[in-house]
Amino acid sequence: MHHAIFRILYPIFDKSFIFDLYSCRDKKGTHKAIDRLNYFARKVGENNTKICYVLKCDIRKFFDSIDQEILIKLIKNKIKDNDAVWLIERIIESFPKGLPLGNITSQLFANIYLNEFDNFIKRKLRVEYYIRYCDDFIILRDSKRHLINLIPKINLFLKNYLKLFLHPCKISIVKYNQGVDFLGYVSFPYFKVLRTRTKNRMIKKAKESRNMEMLVSFLGMLKHYSSHKVKMILLKEYFSVPKILIGRVRRFFYSNAS
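Residues numbered from 1 in each chain as written. Predicted model: local features only at pLDDT ≥ 70, side-chain atom pairs only at ≥ 80, totals over all residues. Heavy atoms only, no water.

Participant: So what exactly am I meant to see when it comes to the packing of helix α4 (residues 68-76) against helix α5 (residues 82-93) here?
Facilitator: How two helices sit against one another is set out by the angle between their axes and by the gap between those axes. Where α4 meets α5, the axes come as close as 11 Å, and the angle between the chain directions of the two elements is 160°. Taken together, α4 and α5 sit at an angle that is classed as roughly antiparallel. In this structure, α4 crosses over α5, and the sense of that crossing is right-handed. Contact with α4, carried on its side by Gln68, Leu71, Ile72, Ile75 and Lys76, involves Val85, Ile88, Glu89, Ile92 and Glu93 of α5 and no other residues of that element. Among the residues forming the contact of α4 with α5, the class breakdown is six nonpolar, one polar and three charged. (Axes fitted to C-alpha atoms, helices over the stretch in contact; angles between N-to-C directions. Helix = DSSP H or I, 4+ residues; strand = E, 2+ residues; numbered from the N terminus. Parallel < 35°, antiparallel > 145°, perpendicular 65-115°, else oblique. Left-handed = near helix turned anticlockwise from the far one by under 90°. Contact = heavy atoms within 4.5 Å. Nonpolar A, V, L, I, M, F, W, Y, C, P; charged D, E, K, R; others polar.)

Below, the structure is given as structure tokens:
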């Protein structure tokens with residue numbers, strides 16, 4: 001039922017979303033979001049000849065904090081069929097508060113909820129370089145002071161219109177050349193690496209399962225980033241691949257990894 005509702009609602013709402021929303025959308029995803037980050041950074045930093053600052057924020061307890069009444073109102077703005085609205089209301093109100101993390105409808109509802117915020121960022125604050133993935137978002141600019149001044153405006157909008165707040169411990173402004181930790185990876189001007197926590201979790205899973213399908217999946221993901229050492233650990237240490245065969249095995253897995 002959740003998938004059926006998603007298939008009906010998605011095309012109705014998706015065309016109203018901003019281009020640089022990358023969660024739970026066709027032809028988007030984490031890799032596209034990180035590529036977009038690097039593209040924006042090159043533009044702001046004029047091909048790495050100037051300083052590019054990146055503001056990174058996270059919304060505190062986002063799914064738990066979604067106001068169901070506000071969400072239903074936003075959905076009703078586009079969905080006029082009374083039976084469809086009734087069903088959507090039953091789904092949303094079946095939870096004591098907020099939305100659950102696992103449902104596919106929750107991912108779409110989250111994008112609908114924060115679409116107001118996206119439009120505030122783009123149209124009211126006139127931010128040119130902005131990327132959002134679920135409740136994580138980044139803004140790029142050549143002025144650190146400008147980014148600092150945006151933070152209270154962002155928090156005020158979230159509080160007044162969506163009853164949300166930025167996570168105070170997850171607000172950071174860094175120089176792009178120092179590395180931007182976003183969506184599980186750390187991006188630098190000329191390369192990208194796995195976040196240490198992500199790398200350790202991947203190695204732990206590989207060591208525990210020794211599943212070859214998992215290896216194909218991991219190598220398929222790693223081929224997008226600078227991760228030679230991690231590949232060697234996965235192939236040599238945890239899958240017992242002899243050193244003489246590592247190159248051949250890597251080529252085989254990369255040709256079959258999606």
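Participant: Even after reading the chapter, I still don't get the sheet that holds strand β4 (residues 172-175), so can you show me in this structure?
Facilitator: Backbone hydrogen bonds are what pair the strands of a sheet, in a parallel or an antiparallel way. The strand order across the open sheet built from four strands is β2-β3-β1-β4, with neighbouring strands paired in antiparallel fashion. Looking at strand neighbours, the two that pair on one side only are β2 (130-133) and β4, the edges of this open sheet. Adjacent strand axes in the sheet meet at a mean angle of 20°, parallel and antiparallel pairs treated alike. As paired strands, β2 and strand β3 (residues 136-141) are joined by four bridges and run antiparallel to one another. Bridging from a neighbouring strand, Arg132 pairs with Phe137 of β3. The sheet strands contacting helix α7 (residues 144-162) are β1 (53-58), β3 and β4, and the helix crosses β3 at an angle near 145°. (Pairing = 2+ DSSP bridges.)

Participant: What am I meant to see in the layout of surface pockets here?
Facilitator: In this approach the atoms are scanned with a rolling probe the size of a water molecule, which exposes any empty space left behind. In this structure, the largest pocket spans a volume of roughly 240 Å³. Counted by class, the lining of the largest pocket contains four nonpolar, no polar and eight charged residues. (1 Å grid on protein atoms, 1.4 Å probe; cavity = no way out; pocket = protein on both sides within 12 Å on 5 of 7 lines; lining within 4 Å. Points joined across faces, edges and corners; volume = space filled by probe spheres on them.)

Participant: I'm lost on the environment of Phe188 in this one. Help?
Facilitator: With respect to the element layout, Phe188 can be found in the loop between β6 (185-187) and β7 (192-194). Excluding its chain neighbours within four sequence positions, the residues that come into contact with Phe188 are Asn38, Tyr176, Asn177, Gln178, Gly179 and Val193.

Participant: Mind showing me how you'd approach the packing of aromatic side chains here?
Facilitator: The description of an aromatic ring pair uses the distance of the two centres, along with the angle that the planes make with each other. For the structure on display, the rule yields eleven aromatic pairs. Between Tyr130 and Phe137, the ring centres sit 6.0 Å apart and the planes meet at 50°, which makes this aromatic pair tilted. Judged by its relative accessible area of 0%, Tyr130 falls in the buried class. Members of the aromatic cluster, connected to one another through ring pairs, are Phe117, Phe120, Tyr130, Phe137, Phe157 and Tyr161. In this structure, Lys28 is placed above the aromatic ring of Phe19, and the distance from its NZ or CZ to the ring centre is 3.5 Å. Stacked on the ring of Tyr22, the Lys or Arg Lys28 has its end atom at 4.8 Å from the ring centre. (Phe/Tyr/Trp six-rings, centres within 6.5 Å; stacked < 30°, edge-to-face > 60°. Buried < 20%, exposed > 50% of the residue type's maximum accessible area, 1.4 Å probe, protein only. Lys NZ or Arg CZ within 6 Å of the ring centre and 35° of its normal.)

Remember that the coordinates give geometry; whether it matters functionally is a separate question.
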